[in-house]
Amino acid sequence: MNESGLAQQLLNLIGGKQNINQVWHCATRLRFTLKDRAKVPKDKIEALDGVITVVEASGQFQVVIGNNVGDVYHEVVKLEPSLSEGETSGETAAQGKMTFKSAFNSLLTFISGVFTPFLGAMAGAGILKGLLSLAVVMGWLTAKSGAYQIWWAAADGIFYFLPIALAFTAAKQLKVNQFVSMAIAAAMVSPGIVALGAKATTIDFFGIPVVPANYTATVLPILLVVVQKFLEPVFNKLWHESVRNILAPVCLLVVIVPLTLIVVGPISATVSSWLATAIVSLNKSVPILAGLVLGGFWQVIVIFGVHWALVPVMMNNIAQNGTDLMMPILLPAVLSQAGAALAVFLRTRDAKMKSLAGSSTITALFGITEPTIYGITLKLKKPFYLACVAGAVGGMIVAISGAGANAAALASVLSLPTFIGKGFGLSVVGDVVAFALGTVLTYFFGGINAGAKTKIAPSANSELGEALAAPVKGVLVPLTGLADEVFASETMGKGVAIVPENGMVKAPVAGVIRLLYPTGHAIGIQSDKGSEILIHIGIDTVNLKGKHFQPLVAQGQHVEIGTPLVQFDHEAIEKEGYESTVMMIVTNSDQYQIATLGQGATDDRPVMTLA
């Protein structure tokens, strides 16, 4: 049974919203507080396809669903929207006290998640772009040769049509119609709109003047999908299901594309113009500050797509004066990101991250920073910030040198010959400093955990063999002895329980954070080898609504063995009347032969092996 069907069946058997005071969910269960428990047939709910079991505890009627409990909950709320109004789930509570820092980190995590599916293709295309640029510089090819043009199309396509790829992955994350999102993004990069943007031609839209811009290679589609997220349900409700699949997309296209051209485009152009004016003035009056701004924040400016106004200014400087002083300052901003990626490559033991970091270092040296930023530095956050610092330092040195570009070129190591002239030597020093500083700062302060070697090798009986370290220091106790019957019965999967000695939960394996409740009481990891692990801190601690818990990672983040995940106050939790026992459950344990390695005090040794 799918989530929608299960939600409908649950509501029917429970008695609808008339019999529900509140409903929320934790890591594995839908938790109901009911008006009349006697009306609810527990046995029939337990028999539903998709329900693991039913538990009655703490005055709650708990329906154990498993990993997709969040999807079932959202379907319940779709069917009965009023049930979300009085919701007291940990997720809602945490959202209520969300800080700017947590909101910004969530945004960065979302953006990285949008880029992740096609980073390999982008990195490969970036390397090809760099090789083609090198071939032209070395005289092996000319820009007009047939081989160059064909290979350039192969290299540039993913970047030119980046909005379409972003629209697809962003729509998947926000759960809206992916193909409508692609259609909207395709309209923004259609030849007609691109041509109008290049000419800055004003067109009329029912009396409203519109100046199209060039939206190729921008992240604008993410904003468009957010707009779609709000409008799509409205248009879906407007039309009958017999015509909904056709007329709802028509409405979305009719509204969102003009809205973007009328509102978003002019705002972007205005911000770009203001930014260009400010930086040009700064470069004339205090060059060293212009070096700090451009070197430190150029990648941020590019991310938000407000850099376009500076490009014609720099090109005009070359045409009028023979040189431009701003172009050389952009190279430290690029090289610092390359240095940060190199540090990740040297530091991490995760094979996937190491591979991507290595290729991204090369593409960044050639001036293609998208794979580096969205796949490595921005995803890990600290490396991005540290690279900006390194770029700022290098940018100030280049600004002091007074070096200028005598030809327009993509900021990369291949553009260095265009800077030859006054101050060239010192500008190269600035470039080297930016790269070296980005590498050193990220290596030592980038928060990249190199990972700990497990002392006991996983079983060699299977390629899926894996060893799981203890997530927290303490004393191993039998899972079957827990007060919670769901965990004790191993209904959710086999695992271990640990009575904690401290309040730091660490990653038992290398993998990706797939589930993170803002309350911090539960976290799910999919290991690099495929095991699905749920770490649950305490019993019924979802009721604390995040009190005494502090998540230290973000959903979608890749972690190594030993990476701190959640900090919690086990003594305070126990004073509140809750058990603080930490459970580690392998939710797909049916795919493995599992061995628990004894009981007693834990250390850094593995406590479970999967084969």
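Residues numbered from 1 in each chain as written. Predicted model: local features only at pLDDT ≥ 70, side-chain atom pairs only at ≥ 80, totals over all residues. Heavy atoms only, no water.

## Comments concerning a negative patch on the surface
On the surface, Asp 569, Glu 571, Glu 574 and Glu 579 cluster together into a patch of negative charge. Among the secondary structure elements, Glu 571 is positioned in helix 21 (residues 570–575). (Patch = residues over 30% accessible without salt bridge, like charges linked within 9 Å, V, L, I, M, F, W, Y side chains within 5 Å. Areas by Shrake-Rupley, 256 points an atom, 1.4 Å probe, with all protein chains shown as cover. Salt bridge = Lys/Arg side-chain N within 4 Å of Asp/Glu carboxyl O. Lys, Arg positive; Asp, Glu negative; His and termini not counted. Charge placed at Lys NZ, Arg CZ, Asp CG, Glu CD. Helix = DSSP H or I, 4+ residues; strand = E, 2+ residues; numbered from the N terminus.)

## Some remarks on a nonpolar patch on the surface
Taken together, Ile 246, Val 250, Val 254, Val 255, Leu 259, Val 263, Ile 267, Val 271 and Trp 274 make up a surface patch of nonpolar side chains, about 820 Å² in accessible area. Inspection of the secondary structure assignment puts Val 271 in helix 12 (residues 241–285).

## A word on the sheet that holds strand 16 (residues 564–568)
A sheet is described by the order of its strands in space; here three strands give the open sequence 10-16-14, paired in antiparallel fashion. For this open sheet the edge positions go to strand 10 (504–506) and strand 14 (549–551), each flanked by a neighbour on one side alone. Pairwise comparison of adjacent strand axes, ignoring direction, gives a mean angle of 20 degrees for this sheet. Pairing between strand 14 and strand 16: three bridges, direction antiparallel. Bridge pairing in strand 16 links Pro 551 to Val 566. (Pairing = 2+ DSSP bridges. Axes fitted to C-alpha atoms, helices over the stretch in contact; angles between N-to-C directions.)

## Focus: the pattern of salt bridges
In total, this model carries six salt bridges according to the counting rule given. Between Lys 129 and Asp 156 there is a salt bridge whose closest N-O contact spans 2.9 Å. One end of the pair, Lys 129, is in helix 6 (residues 119–137); the other, Asp 156, is in helix 7 (residues 146–160), with 27 residues separating them in the sequence.

## Brief notes about the pairing of strand 17 (residues 582–586)
Counting buried residues along strand 17, five of its five residues qualify, which places the element largely inside the surrounding structure. Of the two faces of strand 17, the one lined by Val 582, Met 584 and Val 586 and the one lined by Met 583 and Ile 585 are each fully buried. For strand 9 (residues 494–500) and strand 17, the ladder comprises five bridges, and the chain directions are antiparallel. From the neighbouring strand, Ala 497 faces strand 17, where its bridge partner is Met 583. As judged from the five bridges shared by strand 13 (residues 532–537) and strand 17, these two strands associate in the antiparallel manner. Looking at strand 17, one finds that Ile 533 is bridged to Val 586. (Buried < 20%, exposed > 50% of the residue type's maximum accessible area, 1.4 Å probe, protein only.)

## Some points on the sheet that holds strand 20 (residues 606–610)
Overall, antiparallel pairing links the three strands, which are arranged 7-20-18 in an open sheet. Each having just a single partner strand, strand 7 (466–469) and strand 18 (594–596) make up the two edges of the open sheet. On average, each strand axis in the sheet is tilted by 20 degrees relative to the strand beside it, whichever way the strands run. For strand 18 and strand 20, the ladder comprises three bridges, and the chain directions are antiparallel. What sits directly across from Ala 595, in strand 20, is Thr 609.

## Notes on the packing of aromatic side chains
Per the stated rule, a full pass over the model turns up seven aromatic pairs. Both rings, one in Phe 205 and one in Phe 206, keep their centres 5.1 Å apart while their planes meet at 80 degrees; by these two values the pair is edge-to-face. On the basis of relative accessible area, Phe 205 is assigned to the partly exposed category, the value being 32%. Look at Phe 549 and Phe 568: their rings are 6.4 Å apart centre to centre, the planes differ by 20 degrees, and that puts the pair in the stacked class. Linking Phe 549 in strand 14 with Phe 568 in strand 16, this pair joins segments that are 19 residues apart in sequence. (Phe/Tyr/Trp six-rings, centres within 6.5 Å; stacked < 30°, edge-to-face > 60°.)

## Concerning the environment of Val 429
Its place among the elements puts Val 429 in helix 19 (residues 424–445). What makes Val 429 partly exposed here is its relative accessible area of 41%. In this structure the C-alpha to C-alpha distance between Val 429 and Gly 394, which are 35 residues apart in sequence, comes to 8.0 Å.

## Description of the confidence of the model for the protein
When pLDDT is averaged along the protein, the result is 81; 86% of the residues meet or exceed 70. Confidence, expressed as mean pLDDT per element, reaches its minimum in the protein at helix 4 (residues 90–96) with 38 and its maximum at helix 19 with 95. Taken together, the stretch residues 85–98 has pLDDT below 50 and engages in 23 contacts with residues farther than four places along the chain or on a different chain. Below pLDDT 50 for its whole length, residues 450–464 participates in 25 contacts with residues either more than four positions away or in separate chains. (pLDDT = per-residue confidence, 0-100. Contact = heavy atoms within 4.5 Å.)

## A closer look at helix 13 (residues 287–303)
Given a rise of 1.5 Å per residue, 17 residues ought to cover 24 Å, and the 24 Å separating the end C-alpha atoms of helix 13 matches this to within 8%. The sharpest bend along helix 13 comes to roughly 60 degrees, located at Phe 297. Burial in helix 13 covers these residues: Ala 290, Gly 291, Leu 294, Gly 295, Gly 296, Trp 298, Gln 299, Ile 301 and Ile 303. (Expected span 1.5 Å × (residues − 1). Bend = angle between axes of the 7 residues up to and from the residue.)

## Overview of the environment of Val 280
Topologically, Val 280 is positioned in helix 12. The residues contacting Val 280, other than those within four sequence positions of it, are Val 313 and Met 326.

## Some thoughts on the pairing of strand 11 (residues 511–516)
On a regular strand, one side chain projects to one face of the sheet and the next to the other, so that they alternate. Note: strand 11 against strand 12 (residues 522–527), five bridges, orientation antiparallel. Bridging across to strand 12, Gly 511 finds its partner in Ser 527. Hairpin connection from strand 11 to strand 12: five residues lie between these consecutive antiparallel strands, with Gly 520 at a positive phi of about 85 degrees. Pairing geometry for strand 11 and strand 15 (residues 558–559), over two bridges, is antiparallel. Looking at the pairing, Val 512 lines up with His 558 of strand 15.

## Focus: helix 1 (residues 3–14)
Its 12 residues give helix 1 an end-to-end C-alpha distance of 16 Å, which sits within 8% of 16 Å, the value for a rise of 1.5 Å per residue. For helix 1, the secondary structure elements touched by its buried residues are strand 1 (20–25), strand 2 (29–34), helix 2 (42–46), strand 4 (60–64) and helix 3 (69–79). A positive backbone phi angle near 105 degrees is found at Gly 15, which sits one or two residues after helix 1.

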